[in-house]
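Residue-level structure breakdown
Listed here are the chains, written in short residue letters.
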Amino acid sequence: MTELRSALVTGGAGFLGTHVCGRLLAEGFEVVCLDNLLTGRRKNFRPYIENPRFTFIEGDVRDALPDRAFDEIWNLACPASPPHYQADPIGTMMINILGMKNVLDLAVKHGGRVFQASTSEIYGDPEVHPQSESYRGAVSTTGPRACYDEGKRAAETLCFDYHRNHGVEIKVVRIFNTYGPHMDPKDGRVVSNFIVSALKGESLQLYGGGTQTRSFCYVDDLINGFFSLMRSDASITGPVNIGNPGEFTIKELAELVLEMTDSKSPLIDKPLPKDDPLQRRPNISLAKEVLNWEPKVPLREGLKKAIAYFATEA
Ligand code: NAD
Ligand code: UDP
């Protein structure tokens, strides 16, 4: 009989964590989901709760983690939407630093491979376009986004120091804007805001007139990239960009959502939030080369599935 493989998923009740838990359970893992439900939702893991291989622990990644061995530790705990991470900026910074340290200390004590959900925000408001992993970024240390950007940068630093000094196996992924089922309709990020508003006939708010760009990845593509990286040879530590290089202005996204939802909602201009990046697009050459990964789902196809999901949620 083969031994049961085990995984700890911090932030497992959130948007991406729900997908990671589901995939691990489907692969036969024992899954412990640790989440303080700051932005995660119980309904996300309700389908898993009857599974004897699934355990939910309501807990904070800044506090003690389960003192036992896991084969894999997936560190996703951190609010990802700007209004959420800016609501408690000191908390956001400390989730990234203390949470990451707790995860890495657990791996030192009991072993286990560590996956860190890092972000394209590492690149800040980039002067280099598209962004490849070698670009060091243009990040404010003092602005309202810094708690998240600098927290994630420090977390990456901790990963690499634990890797060099303690031999911890690390897998660092830089995630670009991702959307799809299991997002909270009230999450506050642009895709959920636009679809929910369009479905309700409410106005879509274009911050800064919507001329800034983002590159949107459908969640199934992203999760395939996560698992390719996590199961790759130990020599591949990352950071690796995972995202869809298709680049759109926020206004183009709004117009596409209106067309696809057949909505008459008005578009209204709002001021651009401070330090909001003006452009973002991943260079995914590294992921193609070392993981043989690239996204398959174009924006229109992914939005169709996301709209169907939000129509039942909103
Ligand atoms: P999310 O907000 O839906 O999920 C985050 C989860 O972490 C939630 O369930 C929340 O309750 C939990 N959490 C927050 N603070 C915690 C704490 N102190 N202790 C335990 N749990 C805590 O966001 P998401 O989109 O699923 O993002 C998951 C991870 O991926 C985050 O680390 C985020 O920074 C990163 N990321 C996501 C994207 C994206 O486009 N979705 C982009 C870049 C990076
Ligand atoms: N945005 C917008 N209207 C909204 C929400 C966001 O115009 O209702 C803009 C936001 O200013 C940013 C882009 O959409 O330029 C993506 O925002 P999101 O919060 O989804 O992600 P991030 O800024 O972290 O990339």
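Values in this document were obtained by computation on a predicted structure and should not be read as measured data. (Residues numbered from 1 in each chain as written. Chains lettered and ligands numbered in written order. Predicted model: local features only at pLDDT ≥ 70, side-chain atom pairs only at ≥ 80, totals over all residues. Heavy atoms only, no water.)

Here we take up helix α7 (residues 219-230). For α7, which comprises twelve residues, the first-to-last C-alpha distance of 16 Å matches the rise-based estimate of 16 Å (1.5 Å per residue) to within 8%. Here α7 has its buried residues at Val219, Asp221, Leu222, Ile223, Gly225, Phe226, Phe227, Leu229 and Met230. (Helix = DSSP H or I, 4+ residues; strand = E, 2+ residues; numbered from the N terminus. Expected span 1.5 Å × (residues − 1). Buried < 20%, exposed > 50% of the residue type's maximum accessible area, 1.4 Å probe, protein only.)

In total, this model carries 20 salt bridges according to the counting rule given. Where Glu27 meets Arg23, a salt bridge forms, and the shortest distance between an N and an O atom there is 3.9 Å. Salt bridges sharing partners connect three or more residues here, namely Glu121, Arg145, Arg214, Asp276 and Arg280. (Salt bridge = Lys/Arg side-chain N within 4 Å of Asp/Glu carboxyl O.)

Burial along strand β8 (residues 204-207) is one-sided: the residues Leu204 and Leu206 are buried and none of Gln205 and Tyr207 is. Two strands pair when backbone bridges link them, and β8 and strand β13 (residues 267-270) are joined in this way by four bridges, in the parallel orientation. Bridging across to β13, Gln205 finds its partner in Ile268. (Pairing = 2+ DSSP bridges.)

For strand β6 (residues 170-175), a buried count of six out of six residues is recorded, marking the element as mostly surrounded by other parts of the structure. Burial along β6 is two-sided: the face carrying Ile170, Val172 and Arg174 and the face carrying Lys171, Val173 and Ile175 are both buried. By the bridge criterion, six bridges tie strand β5 (residues 113-119) to β6 in an arrangement that is parallel. Considered in β6, the bridge of Val114 is made with Ile170. A crossover links β5 with its parallel partner β6, the connecting element being helix α5 (residues 146-166), and its sense is right-handed. Sheet analysis places β6 next to strand β11 (residues 240-242), joined by three bridges and oriented parallel. Among the inter-strand pairings, Val173 is bridged to a residue of β11, identified as Val240. (Right-handed = clockwise from strand over helix to strand, strands pointing away.)

This part is about the nonpolar core. In terms of nonpolar packing, the biggest core is built from 61 residues, with Trp74, Phe226 and Leu303 touching the most fellow members. Sorting elements by how many residues they give to this core places α7 first, with seven residues. One finds Tyr148, Cys159, Val168 and Val172 within the second-largest nonpolar core, a separate group that totals 26 residues. (Core = buried A, V, L, I, M, F, W, Y, C linked by side-chain atoms within 4.5 Å.)

Let us look at the sheet that holds β11. In spatial order, the strands read β3-β2-β1-β4-β5-β6-β11; together these seven strands make up an open sheet with parallel pairing. The open sheet has two edge strands, β3 (54-58) and β11, and neither has a second partner. Sheet twist, expressed as the mean angle between neighbouring strand axes with direction ignored, is 20°. Note: strand β1 (residues 6-10) against strand β2 (residues 30-35), five bridges, orientation parallel. Note that in β2 the partner of Ser6 across the bridge is Glu30. Against the sheet, α5 makes contact with β5 and β6, and its axis sits at roughly 155° relative to β5, the strand it touches most. (Axes fitted to C-alpha atoms, helices over the stretch in contact; angles between N-to-C directions. Contact = heavy atoms within 4.5 Å.)

Let us look at the site of ligand 2. The local shell around ligand 2 holds 17 residues, among which Val190, Gln205, Arg214, Asp276 and Arg280 are the closest. One of the side-chain N or O atoms of Gln212 is found 2.9 Å from an oxygen atom in ligand 2. Arg214 is positioned with one of its side-chain polar atoms (N or O) 2.7 Å from an oxygen atom of ligand 2. In isolation ligand 2 offers 520 Å² of accessible surface; the protein chains occlude 95% of this area. (Near = heavy atom within 4 Å. Polar contact = N/O pair within 3.5 Å; in protein donor to acceptor, adjacent residues only side chain to side chain. Areas by Shrake-Rupley, 256 points an atom, 1.4 Å probe, with all protein chains shown as cover.)

The next thing to look at is the layout of surface pockets. Put simply, the second largest pocket is a space of about 150 Å³. Lining the second largest pocket are Ile122, Glu133, Ser134, Tyr135, Arg136, Arg153, Glu156 and Arg174. Grouping the amino acids of the lining of the second largest pocket by side-chain chemistry returns two nonpolar, one polar and five charged. (1 Å grid on protein atoms, 1.4 Å probe; cavity = no way out; pocket = protein on both sides within 12 Å on 5 of 7 lines; lining within 4 Å. Points joined across faces, edges and corners; volume = space filled by probe spheres on them. Nonpolar A, V, L, I, M, F, W, Y, C, P; charged D, E, K, R; others polar.)

The next thing to look at is the site of ligand 1. By nearness alone, 30 residues border ligand 1, and Leu16, Asp35, Thr39, Tyr148 and Lys152 come closest of all. Residue Asn36 places a main-chain N or O atom 3.3 Å away from a nitrogen atom belonging to ligand 1. Between ligand 1 and the protein, one listed contact pairs an oxygen atom with a side-chain N or O atom of Tyr148 at 2.6 Å. Alone, ligand 1 offers 820 Å² of accessible surface; in the complex the protein occludes 97% of this. Among the secondary structure elements, those contributing two or more residues to the shell around ligand 1 are α1 (15-26), β5 and α5. A per-element tally of the shell around ligand 1 places β5 first, with three residues. Partitioned by chemical class, the residues of the shell around ligand 1 number 15 nonpolar, ten polar and five charged.

Describing an aromatic ring pair means giving the distance of the ring centres and the angle of the ring planes. Under the defined criterion, the tally for this structure stands at eleven aromatic pairs. Relative to Phe56, the ring of Phe45 lies with its centre 4.2 Å away and its plane at 20°, an arrangement referred to as stacked. Of the two residues, Phe45 sits in helix α2 (residues 42-45) while Phe56 sits in strand β3, which places them eleven residues apart along the sequence. Of the two residues, Phe45 and Phe56, both sit in the buried class. Look at Tyr179 and Tyr218: their rings are 5.6 Å apart centre to centre, the planes differ by 65°, and that puts the pair in the edge-to-face class. One end of the pair, Tyr179, is in strand β7 (residues 178-179); the other, Tyr218, is in strand β10 (residues 217-218), with 39 residues separating them in the sequence. These aromatic residues form a ring-pair network of at least three members: Phe45, Tyr48, Phe54 and Phe56. One residue, Arg23, lies across the ring of Phe227, its end atom 4.4 Å from the ring centre. (Phe/Tyr/Trp six-rings, centres within 6.5 Å; stacked < 30°, edge-to-face > 60°. Lys NZ or Arg CZ within 6 Å of the ring centre and 35° of its normal.)

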